[in-house]
Amino acid sequence: MNYWDRSFRTKRLIIFSSFIIFSFTILVLGFFNLQVLQGEYYLQLSLHNVIRQVKLNPVRGLIYDSKNNLLVDNRPAFSAALIPAHTTKETVKKIADYFNIPVKNITYRLRSAPRFRPVIIARDIEKKKLIYLAENQYFLPGLDIILDSKRYYPKDVNSPHIFGYIGEVNQKEQERDPRYELGDMIGKAGLERYYDTDLRGTKGIRYIRVDASGKELGDFNPQLNEPPIHGSDLYLTLDYDLQKFAESLMEDKRGSLVAIDVRSGGILAMVSNPDYDIRLLSGKIDPEIWRTLLQDESHPLYGRSIQSAYPPGSTYKIVTAIAALQDEIITPAWEAYCPGYFRLGRRIIRCWKLDGHGWLDLYGAIKNSCNVYFSKLGLKIGLKTWSKYSKLLGFGKRTGIDLPNENPGLIPTIEYFNKIYGENGWTKGNLANLAIGQGELLTTPLQIAQFAMILANRGLYHRPHLVDHIYNYQTQKTIYFPVQSKYVVGVSSEVFDVVREGMHQVVNGGTGWLGKVPGIDMAGKTGTAQNPHGDPHAWFMAFAPYYHPEVAIAVMVENAGSGGGVAAPIGRKFLEMYFYHKLIPRPVIKKDSLQVEPAINPIQSVPLDSLSPLPILNQPGTE
Amino acid sequence: MYRFQNIFKQIDFALLLPVIFLIITGLFTVYSATHITQASSQNYFSRQLFYAVIGVVLIFAVTFVPYKVIFDLSYLLYGISLLLLILVLFIGIRGYGAERWLSLGTVKIQPSEFAKITTVLAVARYLSRNRRNINHISHLTVVFLMILIPFILIAKQPDLGTSLVFLALIIPMLYFAGISWFVLFVLVPPVITMVVSFNLYAYMGWILIITIILIFARQKLYLKILVFLQHILVGSLMPVLWNSLRDYQKQRILTFLQPEKDPRGAGYQIIQSKVAIGSGGVWGKGYLQGSQSQLNFLPAHHTDFIFSVLGEERGFIGIFIVLTAFLFLFLYMLYLSNQVKSSFSRLALIGFTTILFFHTLVNISMTIGLAPVTGLPLPFLSYGGSFLLTSCLLIGISMNFSRNRFQP
């Protein structure tokens with residue numbers, strides 16, 4: 001057959017043409033149906049009514065603790081909104097007077113919004129005002145009262161640094177995620193922000209007919225409506241009874257307590273004090289309250305467990321010990337003499353025990369937290385090795401906890417010192433300082449808790465996390481997050497055994513003896529970190545039980561004094577509650593038998609600016 | 001004087017006049033759709049006017065390019081447009097929708113638009129070679145590759161709507177290149193099998209129809225069995241494939257097929273479009289009087305939904321006239337394809353008709369809710385420089401073919 005045959009072509013041409021004519025006939029019939037047959041119906045729709053798309057807000061996901069106690073719930077709240085296309089100048093003026101908002105403010109917001117979408121003027125309005133508005137809605141064209149929800153927290157639940165708060169989406173956040181619509185309430189801090197996409201659910205849609213003044217006339221086509229989908233519920237690893245107890249331990253102190261389940265990385269308790277009443281920010285963010293919180297000298301908005309970084313003090317001597325042992329610079333039997341001070345050039349580093357520890361091996365040095373021993377050790381291993389092992393053990397980078405705005409801390413390196421002080425501008429004094437956890441070195445309490453987990457598991461650690469699983473209402477399935485396990489590569493089990501033994505002795509007759517829980521074999525390390533802002537920060541890290549560890553904790557109290565005297569007893573009380581669900585009464589201790597590391601400035605020289613912890617000005621939620 | 005008359009004679013007015021009519025209608029409608037949004041109204045209309053003038057100049061310019069130049073350049077242009085498509089994947093700027101733009105100083109171009117023309121020309125040239133039998137598997141493969149490469153590149157942007165235009169090209173062009181019924185039968189029905197395989201009864205019925213056709217087809221037995229197996233395989237693999245997709249992927253496909261279910265507002269667009277068109281009635285509300293489109297009820301009313309504005313303001317009569325103009329244009333282009341002597345021109349004309357027809361059909365069906373919202377613009381009417389120029393270029397080439405219709 002000749003495919004280029006003309007008659008053959010014509011046949012195909014006729015078929016194609018027929019197809020085109022057929023499609024156009026269907027189109028014409030479609031238009032005939034819409035415009036001629038149903039024209040009157042649609043004309044009425046367009047003349048007297050308009051169809052509006054109303055977004056139905058979903059219920060925000062709830063938050064439960066590990067024992068399924070409800071921690072964060074919702075309550076209805078009503079918002080007053082104006083629809084730009086339907087409202088009048090008088091209405092705007094009346095509303096502005098009623099809520100005490102400048103008229104200019106409202107008109108600006110109305111002008112910059114889509115014409116047919118309600119613009120929320122006031123959130124969480126009081127019942128009295130709500131009734132008044134509802135009664136007078138007829139005289140206020142364009143006013144819309146929207147059912148919204150606000151967060152509700154059961155009695156005794158606070159923990160604002162964990163849950164965070166929600167607020168109206170701003171322009172920057174909208175640009176980042178186009179799914180956010182004007183007026184949406186989104187998570188601004190804490191879990192509310194980190195899990196916002198899970199918690200927020202999916203909006204529903206209702207198509208309604210409204211008349212020219214915006215009054216609702218009923219559904220347009222109920223089949224098109226979409227119900228909203230409940231946001232996913234979060235189930236935390238947190239045990240809220242423990243959390244409450246931990247919060248009570250930290251009351252009237254400034255500092256942080258972090259407890260991690262070393263078998264999973266789940267956070268059991270995480271306290272940051274001072275905090276604020278989480279109910280203050282539950283429905284709307286009152287600018288007055290917000291300003292007071294921002295300007296508060298004690299920075300209550302700041303989650304100290306993950307957002308503040310401090311010099312870790314003597315707890316960091318363990319890192320120095322691991323570096324020295326692993327690189328085979330010393331053996332555990334290596335001894336140094338502590339006369340109570342250590343002369344380095346013109347500087348004198350003092351040990352906390354002024355008359356000296358005498359000859360000490362590594363175990364003794366950890367047990368007694370000897371500054372001289374570890375300063376000497378630091379000089380032996382050098383800055384490069386020290387930085388390498390610091391990073392290996394999880395410092396200087398974010399732990400990856402499921403909370404926003406985590407501080408990575410700071411691990412000085414040779415390059416860093418060269419940049420800050422210029423080449424050769426820094427001395428061995430800096431290095432000796434770092435080796436005992438002082439100086440430019442900064443860690444968050446969470447990092448120290450993670451370090452305790454690493455020690456407990458001899459190198460194995462899991463990403464710290466607060467959320468164990470979520471329940472998704474759309475798929476009606478529970479979604480478990482896999483435990484993300486990591487391993488410290490390049491530190492042998494034997495090295496961990498040595499430092500673990502040292503830490504074992506710390507709580508059994510060493511500087512951390514006040515942290516010892518009766519009947520539980522455990523290990524820990526105290527720290528007393530000098531800082532230019534006043535009294536030293538008290539640190540204590542521990543894990544327990546010693547042979548089959550379950551829990552690792554880090555306690556930090558700002559400007560409170562010695563780690564052994566202040567932080568260790570807090571850690572002990574927490575662990576007693578963890579293991580026995582009650583506090584164990586203790587014999588009365590004579591004051592002078594307190595053998596704890598007091599505050600002694602390791603380098604009594606000029607305070608350097610770079611010694612101060614990172615400024616506490618990085619406001620949560622404002623980035 | 002004589003010379004001028006000569007040129008005048010060479011212009012195919014049957015092609016030019018409907019196009020000019022459509023472009024002018026488009027300009028009026030764009031003005032009506034945008035004049036009320038004060039800030040940028042001047043901008044939209046004058047920009048569209050600017051492109052329209054350039055477009056008309058382009059039509060005339062291309063009409064008088066030597067025929068051979070178009071033929072010779074077709075492969076080169078195809079190569080360049082592929083290159084641009086790859087480039088745009090890396091350095092493209094994302095537009096408001098899914099499409100991507102290439103920024104050349106102040107001018108932004110959309111390579112996917114120009115790729116439509118160059119692909120048609122290249123395929124037409126390949127198929128027009130003497131004795132190239134399209135039923136031969138190697139030639140068929142080449143044609144498929146030539147069309148599928150730009151298709152994949154554009155689908156990756158991910159501009160699904162535009163990429164579908166390329167798929168739509170395959171069947172008509174192969175059909176007019178003389179593909180046999182049986183090859184067409186191998187190619188098209190599996191797509192239907194894919195769809196019906198989700199319903200067991202529909203699938204059984206469909207397989208029965210296929211079997212009956214196969215029994216009566218005059219082909220070798222092993223070929224028939226292969227085709228039968230192909231359908232069974234596609235049918236049983238589809239549900240498995242579908243279930244292996246992730247939730248969000250399924251969601252994306254479902255949204256494409258059922259935009260009414262899209263909570264982001266495609267359903268809303270269609271409702272508003274229907275209200276706008278329906279309320280226009282027989283005679284329309286009058287120019288600049290369309291309350292639905294003027295009051296911004298209708299999103300994208302100057303681009304994808306321009307036909308709704310026309311429907312509201314000009315009514316069924318106006319719609320009918322514009323649809324007639326389109327229909328006349330397409331049928332005339334098909335008629336022309338039968339008149340030209342060279343098979344290159346013929347196949348290219350078929351391809352061009354398909355592109356314009358596909359755009360028109362999908363866009364207009366969308367405004368009355370017969371097709372999903374894809375974001376395909378309406379030729380000559382929708383606001384947008386790249387596509388207007390593409391359409392004009394395409395008409396210019398068609399007029400060139402008409403001028404050189406006796407050239408072998």
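Residues numbered from 1 in each chain as written. Chains lettered and ligands numbered in written order. Predicted model: local features only at pLDDT ≥ 70, side-chain atom pairs only at ≥ 80, totals over all residues. Heavy atoms only, no water.

### A look at the sheet that holds strand β11 (residues 255–261) of chain A
Residues and elements named next belong to chain A.
Right, so step 1: Across the sheet, 5 strands lie side by side as β12-β11-β23-β22-β21; this open sheet has antiparallel pairing. The open sheet has two edge strands, β12 (267–273) and β21 (523–531), and neither has a second partner. Ignoring which end each strand starts from, the neighbouring axes of this sheet average 10 degrees apart.
Right, so step 2: Two elements, β11 and β12, share 6 bridges in a ladder whose sense is antiparallel. Within β12, the residue paired with A259 across the bridge is A269.
Right, so step 3: Sitting on the sheet, helix α10 (residues 240–250) touches β11, β12 and β23 (551–557), and the angle it makes with β12 is about 30 degrees.
Right, so step 4: Each of β11, β12, β22 (534–544) and β23 touches helix α18 (residues 445–456); the most contacted strand, β22, lies at about 30 degrees to it. (Pairing = 2+ DSSP bridges. Helix = DSSP H or I, 4+ residues; strand = E, 2+ residues; numbered from the N terminus. Axes fitted to C-alpha atoms, helices over the stretch in contact; angles between N-to-C directions. Contact = heavy atoms within 4.5 Å.)

### Remarks on the layout of surface pockets
Residue and element names in this part refer to chain A.
Right, so step 1: Roughly 820 Å³ of volume is contained in the second largest pocket.
Right, so step 2: Around the second largest pocket sit 25 residues that line it, and I121, K284, I285, D286 and P287 are the ones nearest its centre.
Right, so step 3: Of all the secondary structure elements, the ones that give two or more residues to the lining of the second largest pocket are α4 (103–111), β4 (119–122), β6 (166–168) and α11 (287–295).
Right, so step 4: The element that contributes the greatest number of residues to the lining of the second largest pocket is β4, accounting for 3 residues. (1 Å grid on protein atoms, 1.4 Å probe; cavity = no way out; pocket = protein on both sides within 12 Å on 5 of 7 lines; lining within 4 Å. Points joined across faces, edges and corners; volume = space filled by probe spheres on them.)

### Topic: the packing of aromatic side chains
Right, so step 1: The full count for this structure, using the stated rule, is 44 aromatic pairs over all chains.
Right, so step 2: With a centroid separation of 5.1 Å and an interplanar angle of 65 degrees, the aromatic rings of A:Y194 and A:Y195 are classed as edge-to-face.
Right, so step 3: Take A:Y195: its relative accessible area is 5%, and that puts it in the buried class.
Right, so step 4: On the numbers, 4.9 Å between centres and 90 degrees between planes, the contact of B:F71 with B:F344 is edge-to-face. Taken together, the positions of B:F71 in helix α4 (residues 67–91) and B:F344 in helix α16 (residues 343–367) put the pair 273 residues apart, joining distant regions of the chain. As far as burial versus exposure is concerned, B:F71 and B:F344 are alike and both buried.
Right, so step 5: Above the ring of B:F71, the side-chain terminus of B:R125 is found at 4.8 Å from the ring centroid.
Right, so step 6: A cation over an aromatic ring shows up here: B:R125 above the ring of B:Y75, its NZ or CZ 4.2 Å from the ring centre. (Phe/Tyr/Trp six-rings, centres within 6.5 Å; stacked < 30°, edge-to-face > 60°. Buried < 20%, exposed > 50% of the residue type's maximum accessible area, 1.4 Å probe, protein only. Lys NZ or Arg CZ within 6 Å of the ring centre and 35° of its normal.)

### A word on empty space enclosed by the protein
Residue and element names in this part refer to chain A.
Right, so step 1: Evaluation of the coordinates by the stated rule reveals 5 cavities of 30 Å³ or more.
Right, so step 2: Looking at the largest cavity, its volume works out to about 230 Å³.
Right, so step 3: As for the largest cavity, its lining consists of 25 residues, of which P160, H161, I162, G303 and Q307 are closest to the centre.
Right, so step 4: Breaking the lining of the largest cavity down by element, the ones donating at least two residues are α6 (160–163), α10, β12 and α12 (304–307).
Right, so step 5: For the lining of the largest cavity, the per-class residue count stands at 12 nonpolar, 10 polar and 3 charged.
Right, so step 6: Two domains each donate at least three residues to the lining of the largest cavity, and these are domain 2 (52–234) and domain 3 (243–269 + 301–580). (Nonpolar A, V, L, I, M, F, W, Y, C, P; charged D, E, K, R; others polar. Domains from an automatic or database assignment.)

### Description of the interface of chain A and chain B
Right, so step 1: Counting residues at the interface gives 42 residues for chain A and 62 residues for chain B.
Right, so step 2: Our count for the chain A to chain B interface comes out at 0 salt bridges.
Right, so step 3: Of all elements in the fold, only α1 (6–37), α2 (39–48), β1 (49–56) and β8 (204–211) of chain A reach the threshold of two or more residues within the side of chain A that touches chain B.
Right, so step 4: At 22 residues, α1(A) tops the list of elements feeding residues into the side of chain A that touches chain B.
Right, so step 5: Across the side of chain A that touches chain B, the residue classes break down as 26 nonpolar, 10 polar and 6 charged. (Salt bridge = Lys/Arg side-chain N within 4 Å of Asp/Glu carboxyl O.)

### Structural notes on a nonpolar patch on the surface
All names here are of chain B.
Right, so step 1: Judged by side-chain polarity, V69, L73, L76, L77 and I80 come together as a nonpolar surface patch covering roughly 380 Å² of accessible area.
Right, so step 2: Checked against the element boundaries, V69 lands in helix α4.
Right, so step 3: Residue classification places V69 among the partly exposed positions, given a relative accessible area of 33%. (Patch = residues over 30% accessible without salt bridge, like charges linked within 9 Å, V, L, I, M, F, W, Y side chains within 5 Å. Areas by Shrake-Rupley, 256 points an atom, 1.4 Å probe, with all protein chains shown as cover.)

### What about the confidence of the model for chain A?
Right, so step 1: With 91% of its residues at a pLDDT of at least 70, chain A reaches an overall mean of 84.
Right, so step 2: The model gives residues 598–623 of chain A a pLDDT under 50, and that stretch makes 63 contacts with residues more than four places away or in other chains. (pLDDT = per-residue confidence, 0-100.)

### Things to note about the nonpolar core
Right, so step 1: Grouped together as the largest cluster of nonpolar side chains are 107 residues, with contacts concentrated most on B:F352, B:I395 and B:F401.
Right, so step 2: When residues of this core are assigned to their parent elements, the largest contribution, 15 residues, is made by helix α15 (residues 306–339) of chain B.
Right, so step 3: With residues up to four places along the chain from it excluded, the contact list for B:F352 reads B:I117, B:V120, B:L121, B:M333, B:L394, B:I397, B:S398 and B:F401.
Right, so step 4: Judged by nonpolar contacts, the second largest core, of 92 residues, contains A:L236, A:A323, A:F342 and A:Y373. (Core = buried A, V, L, I, M, F, W, Y, C linked by side-chain atoms within 4.5 Å.)

### Let's talk about the pairing of strand β14 (residues 341–344) of chain A
All names here are of chain A.
Right, so step 1: Alternating positions in β14 separate cleanly, F342 and L344 being buried on one face and Y341 and R343 remaining unburied on the opposite face.
Right, so step 2: Of the pairings in the sheet, the one linking β14 to strand β15 (residues 347–350) comprises 4 bridges and is antiparallel in character. Each residue of the ladder has a partner; that of R343, found in β15, is I348.
Right, so step 3: In sequence, β14 turns back onto β15 through a hairpin of 2 residues, with G345 there showing a positive phi of about 60 degrees.

### Points about the side chain of B:S81
Right, so step 1: Here B:S81 shows up in helix α4.
Right, so step 2: Using a relative accessible area of 5% as the deciding quantity, one classes B:S81 as buried.

### A word on the state of the cysteines
Residues and elements named next belong to chain A.
Right, so step 1: Enumeration over the complete set of coordinates arrives at 0 disulfides over all chains.
Right, so step 2: Not engaged in a disulfide, the cysteine C351 finds its nearest cysteine sulfur in C370; these two sulfurs lie 3.8 Å apart.
Right, so step 3: C338 supplies the cysteine sulfur nearest to C370, a cysteine that is in no disulfide, at a spacing of 3.6 Å.
Right, so step 4: Overall, C370 belongs to the buried group, its relative accessible area being 1%. (Disulfide = S-S within 2.5 Å.)

### Looking at unusual backbone geometry
Residues and elements named next belong to chain A.
Right, so step 1: Cis geometry is adopted by the peptide bond preceding P274, which originates at N273 and carries an omega value of 0 degrees.
Right, so step 2: One can find P274 in the loop between β12 and α11.
Right, so step 3: The omega angle of the peptide bond from A544 to P545 is -15 degrees, so this bond is cis rather than trans.
Right, so step 4: Summarising the element assignment, P545 is placed in the loop between β22 and β23.
Right, so step 5: With a phi angle near 60 degrees, N405 is a residue other than glycine that sits in the positive phi range.
Right, so step 6: Note on placement: N405 falls in the loop between α15 (371–392) and α16 (414–421).
Right, so step 7: By relative accessible area, N405 is classed as partly exposed at 25%.
Right, so step 8: Its identity as a non-glycine residue notwithstanding, N559 has a phi of 45 degrees, on the positive side.
Right, so step 9: Along the chain, N559 falls in the loop between β23 and α20 (563–580).

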